[in-house]
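Structural characterization, general
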Amino acid sequence: MRITKILLVIFTILICTSYSQLEAKKTKMTTRIEPINWWVGMKNPNLQLMVYGPNISSSEVSVNYPGVSIKAVTKVENPNYLFIDLVIDKETAPGKMMMTFKQGRKVIANHEYHLLERNKGSAERQGFGPGDAMYLIMPDRFANGNPENDDMPGMLEKADRKAPYGRHGGDLKGIHDHLNFIEEMGYSSIWLNPVMENNQPQSSYHGYAITDFYKIDTRLGTNEEFKALTEECNKRGIKMIMDMVFNHCGSKHWWMDDLPMHDWINQWDEFTRSNYRLSTISDPYVSKYDKDLSVKGWFDTSMPDLNLQNEFMLTYMIQNSIWWIEYAGLGGIRMDTYPYPDKHGMAVWTQHIFNEYPNFNIVGEAWITETAKLCYWQKDFPNKDGYNSHLPSLMDFPLQDAMKKAFAEEEGWNTGMARLYNTLADDHLYTDPMNMVVFPDNHDEGRILHSLNNDIDKLKMALTYSATTRGILQIYYGTEILMNGNGFEGHAKIRLDYPGGWEGDNINAFTKEGRTAEQNQVFNLTKKLLNYRKQSEALKFGNTLHFIPEDGIYVYFRYTDHETIMVILNNNNKGVKKVDTSRFKEIMASFSEGKNIITGRKINDLNLINIKAKSAIVLELK
Ligand code: CA
């Protein structure tokens, strides 16, 4: 037993070190070269290597590889860095490129740099879109597939499942083990909160303080495990969406002890927090003072603010994203806090990604609940200041805000169902409403069930609405089993462990038997909705037609030439409503019956449809 354990530890250490040397032999003089490898046959022939090593800038570098030439070598303020611009000709063959560093005649370092062959179809990969439903998972809190990696050598924070803000041990293996569960629920993509190394002394579980952009956190797994997970997902038709963070890194990032340049990060005389006012970035009357605070202020003492106005930093981050797409086989990126870093740098990044992968997709988090401010950030919006983010997809915060309120409040001229109607009526502001990601809740806010006063009927309505309105769908893990934490009481409450994800858990909510009757109701509804949506062209890609809510009843249609889906939401708290459908003639005239997609029941008379209070009906019209 003991020997097996020791062997396992040695094995794990070997895996970890084999990453840092990823197919490249290192010498003392070059501690790091990043990107850690590259590919031949990329559309952009340029590659900028960041070389880090003691006094490396005093050396002469040469490469000896057919098709590869050095365009420029740049020394910066810190002599421990060199930036090498390479050009990789189109026809260059894959292989091991030797890089030699010399001081005078003396060779001080050789580095074997790997240029790999791209996977077939890599450039044409299809990113997520309105046809997809994504499952948002916080990897530390979903399932502990490998208890052996809970504590890893060199990691500052040890596992402590009892600590609400501690690391609980969930990992990539845990997600891999539950792919059947995810697939059967009907998801076609997975968004994981950041999985890159977060070697911070505390609260490292959430992943948003990255300390190594080229390494999966060893407590979640290895780079190879992430790649294997993505490949397995892809086989099942599930796209992997990687969460990336460009606004900040972790204070324990390796470069924080020895920055390449003073302006690698935004520095202040003393700690200065961002004012978190995103409106400053599109505000035509903004003061420089407010805007600088917003963009250059730090998110937190533990999160230094990266300066994307520094062209070396920007190139580093662009290449890092491309590296992960190419290495792991990603089907999308979720970009954290899109407006907070330099917006021009972000637009350059976005264009570089789409230059390499024209069919890819990126969703940006711009936490703005007003459509008039949010639309500024969508690709090709005709902004008066000429700014174009080139970002196709946005998290639909206005609709989420509307949902939280609409299902929880009394009906009125502007409240209740009118809120959903009015929010969607603002869609004329988006350049691409179908690329908005609709979500009832996420890892940063109170659970939707909590917002809806723990009313399960209202939760069912919110889920039905989310799955049937226009756009891409995202659901946060645990919503289907009634997780109901209040975000204002702290993030720990909304990031609970999935019951059954840990060996020895008393309850296993991954199984029907482990869920309560109420949990099964919502779980089954979610599953039905997602699986129906998966095969419905109308729900995925169809047009939308909606009618002004009357008397707490909101009716809308999703339709194509061949398929029409009718959704009725009754937001009243009591009784049964008879919905007279004569108002909807323009779309219903040619239909005589409907099938309830949840219950399977047929409705033979479409003139008057009965609907209970606090419920939703989704009908396939025939
Ligand atoms: Ca683990």
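Please read all numbers here as calculations on a predicted model, not as lab measurements.

Scoring rules and cut-offs
Residues numbered from 1 in each chain as written. Predicted model: local features only at pLDDT ≥ 70, side-chain atom pairs only at ≥ 80, totals over all residues. Heavy atoms only, no water. Helix = DSSP H or I, 4+ residues; strand = E, 2+ residues; numbered from the N terminus. Rg over C-alpha atoms; globule rule 2.2 N^0.38 Å. Buried < 20%, exposed > 50% of the residue type's maximum accessible area, 1.4 Å probe, protein only. Pairing = 2+ DSSP bridges. Donors = N, O, S within 2.8 Å, 3.2 Å for Na, K, Ca; no water. Tetrahedral: all angles 85-135°; square planar, octahedral: opposite > 155°, others 65-115°. Salt bridge = Lys/Arg side-chain N within 4 Å of Asp/Glu carboxyl O. Contact = heavy atoms within 4.5 Å. Polar contact = N/O pair within 3.5 Å; in protein donor to acceptor, adjacent residues only side chain to side chain. Core = buried A, V, L, I, M, F, W, Y, C linked by side-chain atoms within 4.5 Å. Phe/Tyr/Trp six-rings, centres within 6.5 Å; stacked < 30°, edge-to-face > 60°. Lys NZ or Arg CZ within 6 Å of the ring centre and 35° of its normal. Expected span 1.5 Å × (residues − 1). Axes fitted to C-alpha atoms, helices over the stretch in contact; angles between N-to-C directions. Left-handed = near helix turned anticlockwise from the far one by under 90°. Nonpolar A, V, L, I, M, F, W, Y, C, P; charged D, E, K, R; others polar. Domains from an automatic or database assignment. Buried area = accessible area lost by both parts, 1.4 Å probe.

The next point concerns the overall build of the chain. Within the chain one finds 15 helices and 26 strands. A compact globule built from 622 residues would reach a C-alpha radius of gyration of about 25 Å, and the chain, at 26 Å, matches this within 12%. Its C-alpha atoms give the chain principal-axis dimensions of about 90 × 65 × 50 Å. Residues classed as buried in the chain amount to 59% of the 622 residues present.

Let us look at the pairing of strand E26 (residues 615-621). Where burial is concerned, most of E26 is hidden: six out of the seven residues are buried. Bridge analysis of strand E21 (residues 564-570) against E26 gives six bridges, and the strand direction is antiparallel. Within E26, the residue paired with methionine 566 across the bridge is leucine 619.

Protein coordination of the calcium ion is provided by Asn144 (OD1), Asn146 (O), Asn149 (OD1), Asp150 (OD), Gly169 (O) and Asp171 (OD), with donor distances spanning 2.3 to 2.6 Å. Here the calcium ion binds six donor atoms, and the angle range of 64 to 164° at the metal identifies the geometry as irregular. Here the donor residues for the calcium ion map to a single chain with the spacing N-x1-N-x2-N-D-x18-G-x1-D. Of this pair, asparagine 144 sits in the loop between strand E9 (133-137) and helix H2 (172-177) while aspartate 171 sits in the loop between E9 and H2, placing them 27 residues apart in sequence.

Further remarks concern the pattern of salt bridges. What the rule picks out here adds up to 34 salt bridges. With its nearest N and O atoms 2.9 Å apart, the salt bridge here joins aspartate 140 to arginine 141. Looking at aspartate 140, the relative accessible area reads 1%, which means it is buried. Of the charged contacts in the structure, one is a salt bridge between arginine 583 and glutamate 550, with a shortest N-O distance of 3.5 Å. With a gap of 33 residues between them, arginine 583 in the loop between strand E22 (576-580) and helix H15 (585-588) and glutamate 550 in strand E19 (residues 543-550) connect regions that are remote in the sequence. A network of salt bridges, in which partner residues are shared, links Glu183, Glu232, Lys235 and Arg236.

What follows covers the environment of threonine 211. Along the chain, the position of threonine 211 falls in the loop between strand E11 (196-197) and strand E12 (212-216). Sequence-wise, threonine 211 and tryptophan 254 are 43 residues apart; in three dimensions their C-alpha atoms are separated by 6.4 Å. Contacts of threonine 211, omitting those with residues within four sequence positions, involve Glu197, Asn198, Asn199, Gln200, Gly250, Lys252, His253 and Trp254. Side-chain polar atoms of threonine 211 contact the backbone nitrogen of asparagine 199, separated by 2.9 Å.

With 172 residues, the main nonpolar core has Phe101, Phe142, Phe226, Trp255, Trp264 and Trp324 as its most contacted residues. The element best represented in this core is helix H6 (residues 311-329), accounting for 12 residues. Not counting chain neighbours up to four residues away, the residues in contact with tryptophan 255 comprise Met50, Tyr81, Phe213, Cys249, Trp264, Leu306, Met313 and Tyr316. Counting residues in hydrophobic clusters, the runner-up holds 16 residues, among them Val555, Val579, Phe584 and Leu621.

Using the criterion set out here, one finds 49 aromatic pairs in the structure. With a centroid separation of 6.3 Å and an interplanar angle of 70°, the aromatic rings of tryptophan 264 and tyrosine 316 are classed as edge-to-face. Taken together, the residues span a long stretch of sequence, with tryptophan 264 in the loop between strand E13 (239-244) and helix H5 (288-296) and tyrosine 316 in helix H6 at a distance of 52 residues. Judged by relative accessible area, which is 0%, tryptophan 264 ranks as buried. Looking at arginine 515, its charged tip hangs above the ring of phenylalanine 523, at a distance of 3.5 Å from the centre.

Below, the discussion takes up the sheet that holds strand E2 (residues 38-39). The four strands lie next to each other as E2-E8-E7-E4, forming an open sheet whose pairing is mixed. Because the sheet does not close on itself, it has two edges, and the strands there are E2 and strand E4 (60-64).

Our next topic: helix H12 (residues 456-468). Between its terminal C-alpha atoms H12 stretches 18 Å, which fits the 18 Å expected from 13 residues at 1.5 Å a residue. Burial analysis of H12 places 11 of its 13 residues in the buried class, the great majority of the element. Of the positions making up H12, those classed as buried are Ile456, Lys458, Leu459, Met461, Ala462, Leu463, Thr464, Tyr465, Ser466, Ala467 and Thr468. The N-cap residue of H12 is aspartate 455: its side-chain oxygen and the backbone nitrogen of aspartate 457 are 3.0 Å apart.

It is worth spelling out the sheet that holds strand E24 (residues 602-603) at this point. Pairing is antiparallel in the open sheet, where six strands are placed in the order E19-E20-E21-E26-E23-E24. The open sheet is flanked by E19 and E24, the only strands paired with a single partner. The pairing of strand E23 (residues 594-596) with E24 spans two bridges and is classified as antiparallel. Residue lysine 595 lies in a different strand from E24, and its bridge partner there is lysine 602.

Let us look at the packing of H6 against helix H7 (residues 343-356). Interhelical geometry of H6 versus H7 gives an angle of 35° and a closest axis separation of 10 Å. Note that H6 runs across H7; the crossing there is right-handed. Where H6 abuts H7, its residues Leu314, Met317, Ile318, Ser321, Ile322 and Ile325 lie against Gly345, Val348, Trp349, His352, Ile353 and Glu356. When grouped by side-chain class, the residues that make up the contact of H6 with H7 number eight nonpolar, three polar and one charged.

Further remarks concern the domain arrangement of the chain. It is common to give the size of an interface as the accessible area that goes away when the parts come together. Each domain of the chain was delimited in the assignment, giving domain 1 (2-117), domain 2 (126-269 + 304-540) and domain 3 (541-621). When each unit is reduced to the centre of its C-alpha atoms, the spacing between domain 2 and domain 3 is 32 Å. Residue-level contacts link 33 residues of domain 2 with 27 residues of domain 3. Contact with domain 3 buries surface across domain 2, with Tyr421, Tyr532 and Ala538 losing the most and accounting together for 26% of the total. If you look at where domain 2 meets domain 3, you find 18 residue pairs in polar contact (both at pLDDT 80 or more). When contributions to the side of domain 2 that touches domain 3 are tallied by element, the ones reaching two or more residues are helix H10 (417-425), H12, helix H13 (517-535) and helix H14 (537-541). Each residue belonging to the side of domain 2 that touches domain 3 can be placed in one class, and the counts come to 17 nonpolar, six polar and 10 charged.

This part takes up the environment of glutamate 356. Tracing the chain through its elements places glutamate 356 in helix H7. A sequence separation of 232 residues divides glutamate 356 from glutamate 124, and the C-alpha atoms of the two residues are 8.7 Å apart. Once residues within four sequence positions are removed from consideration, glutamate 356 is found in contact with Met42, Lys43, Asn44, Arg118, Ala123 and Ile322. In this structure the side chain of glutamate 356 is engaged in a polar contact, spanning 3.0 Å, whose partner is the backbone nitrogen of lysine 43.

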